[in-house]
Amino acid sequence: MSKEITLPSSPILIFGDYYLSKNYIIAVKKKYTEVRWLTFDASVESVDRIRMEAEALTFDSKPKILIIENLPNRKQIREFLINLSQTCSSNTKIIIWDSSNKIKVDPKTKTLNKTWSDFLKTIKKNPDSKIINNGDKLSNKNPSDSIAFVTKIFKKFNKKINNDVAKLVVYLIGNDRGFLLSDIEKMCLICPELVTADFIIEHAYPSSKESSLLKLSQALNTGEYENVVFIIEKFIKSGFNANELAVVMLRQSRWQMAAIYFKWRGYSLSDITDKLIRMGKFPAYLWHNPNNSYEAKKHQAEEYKDPEKMLEYLVRKNGIPRHYFKLNISKKTKTKRKKKSNKNDIVEKQKKENKKQKAEILPHPFVAELTAKFVEEKIINANKQEGIEDSKIINKAFDRSIAVYLFITNKLASIRYGKNPMQDLQEMAKVLTNTKLDIL
Amino acid sequence: MKLTIKQDVLMGALKIGAVPAISDTAQLDTSNLSLIIQSVKITVGKKFIVESNTNLMAVKYSIDATPENGIDVKKEGSALIPAKEFLDWVKIQGNESTIGMDLNILSTPEIINPMDDLGVSNDNNRFSIKKIGSMRFASKDTTKTSGKWELDCYDPEQVKSVNFSKKGNKHFDIKAEDLVKSINKVLFVSLDKDVDHVLDHISIQTYNDQLYLATTDTKRCAIFKVPIMGDIVNTDSLLIPAKLLESVSKISIKENTLGIYYNNELGRIFIQQPNIDIRIASGEKDNIAKFPGIEMLFQKPYKELSNISKNAFNKILISASLVNNLVALFTFNKEKSIIDIKAISEEGRYKPSVSKAEAKTINEDVKGIWGVSHLTEVLKHIKGNTVLLHIPDNKKSIKITEPEDDNFQYFALSIPSSVYQNK
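Quantities reported herein were computed from a predicted structural model and do not represent experimental measurements.

**Some thoughts on the overall build of chain B**
In step 1: Per the secondary structure count, chain B includes 11 helices and 27 strands.
In step 2: Projected onto the principal axes, the alpha-carbon positions of chain B cover approximately 85 × 50 × 50 Å.
In step 3: Per-residue burial over chain B gives 41% buried out of 423 residues.
In step 4: Residue pairs at least 24 apart in sequence account for 70% of intrachain contacts in chain B once pairs closer than 6 positions are excluded.

**Let's talk about the domain arrangement of chain A**
In step 1: On domain assignment, one finds that chain A holds domain 1 (12–133), domain 2 (138–207) and domain 3 (222–279 + 360–440).
In step 2: Partitioning the side of domain 1 of chain A that touches domain 2 of chain A into residue classes produces 3 nonpolar, 1 polar and 2 charged.

**Structural notes on the sheet that holds strand S2 (residues 36–41) of chain A**
All names here are of chain A.
In step 1: Overall, parallel pairing links the 5 strands, which are arranged S2-S3-S4-S1-S5 in an open sheet. Strand pairing shows two members of the sheet lacking a second neighbour, S2 and strand S5 (130–133), which therefore form its edges. Neighbouring strand axes in the sheet, compared pairwise and without regard to direction, differ in orientation by 15° on average.
In step 2: Two strands pair when backbone bridges link them, and strand S1 (residues 12–15) and strand S4 (residues 92–97) are joined in this way by 3 bridges, in the parallel orientation. Considered in S4, the bridge of Ile 14 is made with Trp 97.
In step 3: Of the strands in this sheet, S1, S2, strand S3 (64–69), S4 and S5 are in contact with helix H1 (residues 18–31), which crosses S4 at around 165°.

**Remarks on the interface of chain A and chain B**
In step 1: The interface of chain A with chain B comprises 16 residues on the first partner and 22 residues on the second.
In step 2: Residue assignment for the side of chain A that touches chain B shows that the elements contributing at least two residues are helix H2 (47–55) and helix H3 (75–87) of chain A.
In step 3: At 6 residues, the largest contribution of residues to the side of chain A that touches chain B is made by H2(A).
In step 4: Of the residues that constitute the side of chain A that touches chain B, the class distribution is 6 nonpolar, 4 polar and 6 charged.

**Considering the sheet that holds strand S22 (residues 353–358) of chain B**
Residues and elements named next belong to chain B.
In step 1: Within the open sheet, the 4 strands sit side by side as S22-S21-S20-S24. Their pairing is antiparallel. Edge positions in the open sheet fall to S22 and strand S24 (366–371), since each of these has one partner strand only. Taken pair by pair, the neighbouring strands of this sheet meet at an average axis angle of 20°, ignoring direction.
In step 2: By the bridge criterion, 6 bridges tie strand S20 (residues 327–333) to S24 in an arrangement that is antiparallel.

**Describing the pairing of strand S13 (residues 220–225) of chain B**
All names here are of chain B.
In step 1: S13 sits mainly inside the fold: 5 of its 6 residues count as buried.
In step 2: Counting the residues that bridge the hairpin from strand S12 (residues 210–216) to S13 gives 3 residues, and of these Thr 218 lies at a positive phi of roughly 80°.
In step 3: Of the strand pairs in this sheet, S13 and strand S27 (residues 405–413) are connected by 5 bridges, and their pairing is antiparallel. When the sheet's bridge partners are listed, Ile 223 is paired in S27 with Gln 409.

**Observations concerning helix H10 (residues 225–237) of chain A**
Residue and element names in this part refer to chain A.
In step 1: Counted at 1.5 Å a residue, the expected span for H10 with its 13 residues is 18 Å, and the 18 Å between its end C-alpha atoms agrees.
In step 2: Among the residues of H10, those classed as buried are Val 228, Ile 232 and Phe 235. End-on, the buried residues of H10 take up no more than an arc of 65°, which puts them together on one face. Those residues of H10 that are exposed and aimed more than 90 degrees away from the buried face are Glu 226, Phe 230, Lys 234 and Lys 237.
In step 3: Backbone geometry just after H10 places Gly 239 at a positive phi near 100°.

**Overview of helix H5 (residues 83–91) of chain B**
In step 1: Within H5(B), the full set of buried residues consists of Ala83(B), Phe86(B) and Val90(B). Buried residues of H5(B), seen end-on, are gathered within an arc of 70° and therefore sit on one face of the element.

**As for the pairing of strand S25 (residues 386–391) of chain B**
All names here are of chain B.
In step 1: Judged from the 6 bridges that link them, strand S19 (residues 303–309) and S25 form a sheet pairing that is antiparallel. Across the sheet, residue Ser 309 finds its bridge partner in S25, namely Thr 386.
In step 2: Pairing analysis gives 3 bridges linking S25 to strand S26 (residues 397–402), with the strands arranged antiparallel. Paired with Leu 389 across the strands is Ile 400, a residue of S26.
In step 3: If you look at the hairpin formed by S25 and S26, you'll find 5 residues sitting between the two strands, and Lys 395 has a positive phi there, around 60°.

**Things to note about the environment of Glu386(A)**
In step 1: Here Glu386(A) is to be found in the loop between helix H18 (365–380) and helix H19 (390–417).
In step 2: In sequence terms Glu386(A) and Leu214(A) are 172 residues apart; their C-alpha atoms lie 36 Å from each other.

**Some points on the domain arrangement of chain B**
Residue and element names in this part refer to chain B.
In step 1: Domain boundaries in chain B define domain 1 (2–158), domain 2 (169–294) and domain 3 (300–420).
In step 2: Placing a centre on the C-alpha atoms of domain 1 and another on those of domain 2 gives a separation of 30 Å.
In step 3: Across the contact, 11 residues belong to domain 1 and 10 residues belong to domain 2.
In step 4: Looking at the side of domain 1 that touches domain 2, the elements that each hand over two or more residues are helix H1 (7–17) and strand S4 (57–64).
In step 5: With 7 residues, the single largest contributor to the side of domain 1 that touches domain 2 is S4.
In step 6: Of the residues contributing to the side of domain 1 that touches domain 2, the split by class is 8 nonpolar, 1 polar and 2 charged.

Cut-offs applied
- For every chain, the first residue of its written sequence is number 1, and the numbers climb from 1 along that sequence.
- Whichever chain is written first is A, and whichever ligand is written first is 1; the rest continue in order.
- Per-residue local features are limited, in this predicted model, to residues with pLDDT of at least 70; the limit for side-chain atom pairs, both in listing and counting, is 80 or more; totals at the level of whole chains, interfaces and linings are taken over all residues.
- Think of it this way: any DSSP run of H or I at least four residues long counts as a helix, any run of E at least two long counts as a strand, and we number them from the N terminus.
- Put plainly, a residue is buried at 20 or more neighbouring C-beta atoms within 10 Å of its own, exposed at 12 or fewer, and partly exposed in between, counting only other residues' C-beta atoms, which are placed from the backbone.
- C-beta atoms are placed from the backbone for every residue, and two residues are taken to be in contact when these atoms lie within 7 Å.
- Domains are outlined according to an automatic or database domain assignment.
- Basically, the charged four are Asp, Glu, Lys and Arg, the nonpolar ten are Ala, Val, Leu, Ile, Met, Phe, Trp, Tyr, Cys and Pro, and anything else, Gly included, counts as polar.
- Each pair of strands is called paired provided DSSP finds at least two bridges between the two strands.
- A fitted line through C-alpha atoms serves as each axis, taken over the contacting stretch for helices, and the angle formed by two N-to-C directions is quoted from 0 to 180°.
- A helix is expected to span 1.5 Å for every residue after the first.
- This arc corresponds to the set of directions leading from the helix axis out to the C-beta atoms.

Spelled out as structure tokens, the structure:
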């Protein structure tokens, strides 16, 4: 005689973040191993088939759990699912999973549209039903949501993380709740009680090329040549282009040059960090206003991101004559007229061009902190000697930064057109990590 | 190793001995040892032996290496040759040709390390493959058409030969052609793939001193009484992957008798035929119990419900399947001797359809919901012109038999679809 199995409530409707929903389904599958699991794609499979599989008798009388995923936005399917969940026997349970994210909460009104809201209401009428909302995908537009999510998960594992480090986690891993959850769960097995940025850079699994390259930046800031060469080799083996790595080093040398310039101007370590963070950000009067918070500056600067608005700002607020600018807004309209069918391509091209015209900014505040620390500790403090004035060291450091930058620029050209990129990269690393100044 | 061999003899041997090496399991293998798994081992001495194996199946084919058998051995030896390429080349040489095989051995074996690209250290040569040389082939036929080719050969010592003498307990003997017929009768019900490894297997069970093959997809069950040679030696049930048993039926020589053995320790089925040794994976012991017992179906009393012409029944089933291939409402009218099938689809594309056929006999008024495809599929496996339908008292299933062959029985469970309630 077969043992009695406690089954989950039915129907269960899951919507929201894909990976969290998938994790839930995997967890339920692990819990109920003694049942027969049947999965159907509601957009492809016929409803007759789903009905047949749900209601057919079986020789072994094993309970069945049907996962009906990929809901189409079709009234007929919604009505069918409601009917099926009402007519199924107690031995058959239904999990409806909106895997294609059709059920979305409007971020402004925080409600569902009428169609899906009615569907949810009808499902809820069943006293055994369960509705699981895993929340919308996090986005760059609302960084506070992502930070709150990261902080919440670390807190669940009794770990503390500050907002800047949480931001770094999101920068490295991305905005996907599932990826964040899975990576943080793994990191929490070994992380200290107070999570540090160094730990995150060392252990987080980067989801993009750009965030992977942050590891190279961090290695360069340690000033350890062997470590940098090891990372370069690792990146090359995993398919990175030598040119991409060289560009990272070039940017690093440029940031170092800027940091030393600020040092020469007499700024403190924290001021240098702030200056580096603001570097390249427009409009300068907003970003360099000491009375505003970082978030306020970011919010106000949002308005000027559009090149047309930037132009308006420069003309109206700064009084620069309009004809001084060659911003190709007029070209944009011309091209649009010529190639109407290729609208998306033109917009993409325009975006790329606008991006090229923008000044360089640091990818993350943490990078500014690392660069400022590198200049202060590894270059200035490490070369301090009795009887030698600080100003002399700073002057020498400034000379070094220019020499390093010029050397790196030459090597970048050599990588692009030369024959031995690995050797060029190693030489670049050697120069960037050599912090000894010829003071005497 | 050097020999000449008739193309048809070599082709016959490869079609049997190279089956595991050319199976999907081997050909889709992406492990570092795939070159070995995809190769067939040829051994030439007093016997000409062709063998290959995967973890699911091992086959060894051997014949006397004599001129009477079309084999002329000049130098004994052994080598592993890529099976698919070898088979493809031999196939196109034509029946009339004679093939010369000459193993050209390297003075120093070449070590191939498939882990090189991955940068994995391989200090103890655990993952390396030893290439010992190349096999040169030359074919020539009576029309003086000839061809030459060369394939890499690997060290045959790298493959551990299966010990076919550890067969375990004998279960029964069966004529190869009867096994083929039995498998063909029940195979259509088994699933292609089942994560629990039960429903994609064929169960061999005994009941009242008779041996049966059974398959099920949980909603229906096909059972065939197997005509065996002699007595059943061991009455324990066996569970064999359906695809493997189908492969066995294809490579067996039809006129010969097969001996079926089960080695409990290894959990492997051994099948022996003159010149052919086969070892295949068996279903796990726990899974044998998970397969429904056939006595449950045999002990349930079924009354004959109807006797109907296969063609007429097929026609109305196909009409119903145009609307709903999966579920339909069947009404048996005793007085009018008519079966009608009502099909309704929730898809919304087709209107409900009703199709009727006159039966030779109907013994009871019955209304039931069954799977349309469950019934159309079984009709393809019924040779005669008449179908007998049987029903139990609770009417939760239907049994189909054919008067011409009482070895075959098919059971389909009812589908109490709410769409047809109160219709």
